[in-house]
Every structure is written in C-alpha cells, then in structure tokens.
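# Survey of secondary and tertiary structure
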Amino acid sequence: MCGIVAYVGHRQAHEVIIKGLKRLEYRGYDSTGIALLNGGLNIYKKKGKVSELERFIKDEKLDSHIGMGHTRWATHGEPNDENAHPHYSATKNLAIIHNGIIENYSSLKHELLRKGHTFLSETDTEVFIHFIEDIQENEQCSLDEAVRLALTKVVGAYAIVVMSLNDPDLLIAARKGSL
Ligand code: GLU
C-alpha cells in the first residue's frame, strides 16, 4: 500500500502531483506513474523512483489541470512498467490508481476474460477498472454510480482514484480500510 496524489485546479497538475509523490517517497515503493488530461487521457509510468518518472516525462507536453499520481508497492505482479499504476479501462476512457488489494479479483477477472477482455498487466487494479467500465456500460449509469456499484462487489482494503476522458473536471475517490 503506497501513495496517491490527485489534483484538479488552476495549477499545472503534473507539478503538484510530482511534488506530492516526492513527499510520500518515505513510505517505500517500487514504481510510479501519473495520468493527465492533456489533450487525451494519457498515462506515464515507470519502474523505479519518482526522479526516473520525471526524466521520462521531461520532453512531454504535460499541460493539464487535472491528474493523479501513484507510488506502487507491488502485491499482484512484479514491479515493472506494465504493472505500475495508473491502469486504463478496456476503452482507455477511464484510468485508475489504487492502493491495497482486491481479494476477489481472480473471479472478477475470469468473468471479464469470458466476456473478451484482455489485460496488459498482472494487477488486481487493472481488473477493477475494467469491471467499473463494464458496469457503466451494462447499467448505462454515471461513472460515480458505476464506481459505487463496483465497490459493493469487491472484497478487500483499498483507496482508489478514477479519472475519465469524458468528465474533464471529475476525480472520483473512495477508500475502505486503506490509507
Ligand atoms: N494491488 C495493487 C498492485 O499490486 C496495488 C499495490 C499498492 O498498494 O501499491 O498493483
């Protein structure tokens, strides 16, 4: 369980988020990443220190007023670039960062695989965001309602933030038994 920083406001989101992630470095972590709405919903993530993420993004056009960042302490899947957070949903319209563990991720993953989903990482977290989007599509509901419904079905301790390409001013956060 590691660090989460999210920001929406008038400042440059990546500057606020990177600064926040640095303040959380003392907690220990193996990889870092950020998602920004900078012309699209874009994810930048790397194994290693926040300083490596900074080097990785230094030539990118990061102009954005909303975003979220994560330092990961791997529980599901080895520490590498693919397993680092954030993770996209199937359509790439949603992204998630997550601290904690989804204990019933395996049964949710089997169900989603049966429906044709493919996964880019080994994490419980990627399953979670696919599951949220699947609910949103099936129920034709708002994103916050889909997150709420998804949280009634997951078992575990978590803190999450979800962002959407289609809701440029919205950050959805939830927490249960995890800091
Ligand atoms: N279970 C998630 C993963 O392995 C989140 C780990 C964390 O809390 O950083 O990616």
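Residues numbered from 1 in each chain as written. Predicted model: local features only at pLDDT ≥ 70, side-chain atom pairs only at ≥ 80, totals over all residues. Heavy atoms only, no water.

## Observations regarding the sheet that holds strand β5 (residues 87-88)
Strand order in the open sheet made by the 4 strands is β5-β6-β7-β8, with antiparallel pairing throughout. The sheet terminates laterally at β5 and β8 (167-176), the two strands that pair on one side only. By the bridge criterion, 9 bridges tie strand β6 (residues 94-102) to strand β7 (residues 156-164) in an arrangement that is antiparallel. Note on β7: the bridge partner recorded for I96 is V162. Those strands touched by helix α4 (residues 124-139) are β5, β6 and β7, and its axis lies near 125° from that of β6. (Pairing = 2+ DSSP bridges. Helix = DSSP H or I, 4+ residues; strand = E, 2+ residues; numbered from the N terminus. Contact = heavy atoms within 4.5 Å. Axes fitted to C-alpha atoms, helices over the stretch in contact; angles between N-to-C directions.)

## Concerning the nonpolar core
By size, the foremost hydrophobic cluster in this structure holds 24 residues, and its most contacted members are F128, I132, V147, L151, V154, I160 and V162. Every element with two or more residues in this core is listed here: β6, α3 (105-114), α4, α5 (143-153), β7 and β8. Considering every element that reaches this core, the biggest residue donor is α4, with 6 residues. For V162, the residues in contact, after removing those within four places along its chain, are M68, A95, I96, I129, I132, L143, V147, L170, L171 and I172. One finds C2, I18, L21 and L36 within the second-largest nonpolar core, a separate group that totals 17 residues. (Core = buried A, V, L, I, M, F, W, Y, C linked by side-chain atoms within 4.5 Å. Buried < 20%, exposed > 50% of the residue type's maximum accessible area, 1.4 Å probe, protein only.)

## A short note on unusual backbone geometry
Of all residues except glycine, most have a negative phi; of all peptide bonds, most are trans. Residues H85 and P86 are joined by a peptide bond in cis, for which omega reads 0°. Tracing the sequence through the fold places P86 in the loop between β4 (66-72) and β5. Phi at K92 takes a positive value of approximately 70°, unusual for a residue other than glycine. Along the chain, K92 falls in the loop between β5 and β6. Residue classification places K92 among the partly exposed positions, given a relative accessible area of 41%. Even without being a glycine, Q140 presents a positive backbone phi close to 50°. Look at Q140 and you get exposed, because its relative accessible area is 67%.

## Observations concerning the packing of aromatic side chains
All chains considered together, the criterion is met by 1 aromatic pair. Its end group placed over the ring of F56, K46 keeps NZ or CZ at 4.8 Å from the ring centre. (Phe/Tyr/Trp six-rings, centres within 6.5 Å; stacked < 30°, edge-to-face > 60°. Lys NZ or Arg CZ within 6 Å of the ring centre and 35° of its normal.)

## Some words on the site of the ligand
Among the 15 residues in the neighbourhood of the ligand, the closest are listed as R72, T75, H85, G100 and D124. At 3.0 Å from an oxygen atom of the ligand is found a main-chain nitrogen or oxygen belonging to H76. One nitrogen or oxygen atom from the side chain of D124 is found 2.8 Å from a nitrogen atom belonging to the ligand. Relative to its unbound accessible surface of 290 Å², the ligand loses 100% to contact with the protein. Mapped by element, the contributors of at least two residues to the shell around the ligand are β4, β6 and α4. Residue classes in the shell around the ligand are distributed as 4 nonpolar, 9 polar and 2 charged. (Near = heavy atom within 4 Å. Polar contact = N/O pair within 3.5 Å; in protein donor to acceptor, adjacent residues only side chain to side chain. Areas by Shrake-Rupley, 256 points an atom, 1.4 Å probe, with all protein chains shown as cover. Nonpolar A, V, L, I, M, F, W, Y, C, P; charged D, E, K, R; others polar.)

## What about the pairing of strand β2 (residues 31-37)?
By the criterion of burial, β2 is predominantly enclosed, with 7 of the 7 residues buried. Along β2, one buried face is formed by S31, G33, A35 and L37 and the opposite face, lined by T32, I34 and L36, is buried too. Across 7 bridges, β2 lies against strand β3 (residues 41-47) in antiparallel orientation. Bridging across to β3, A35 finds its partner in I43. Bridge count between β2 and β4: 6 bridges; the pairing is antiparallel. Of the residues in β4, the one forming a bridge with I34 is G69.

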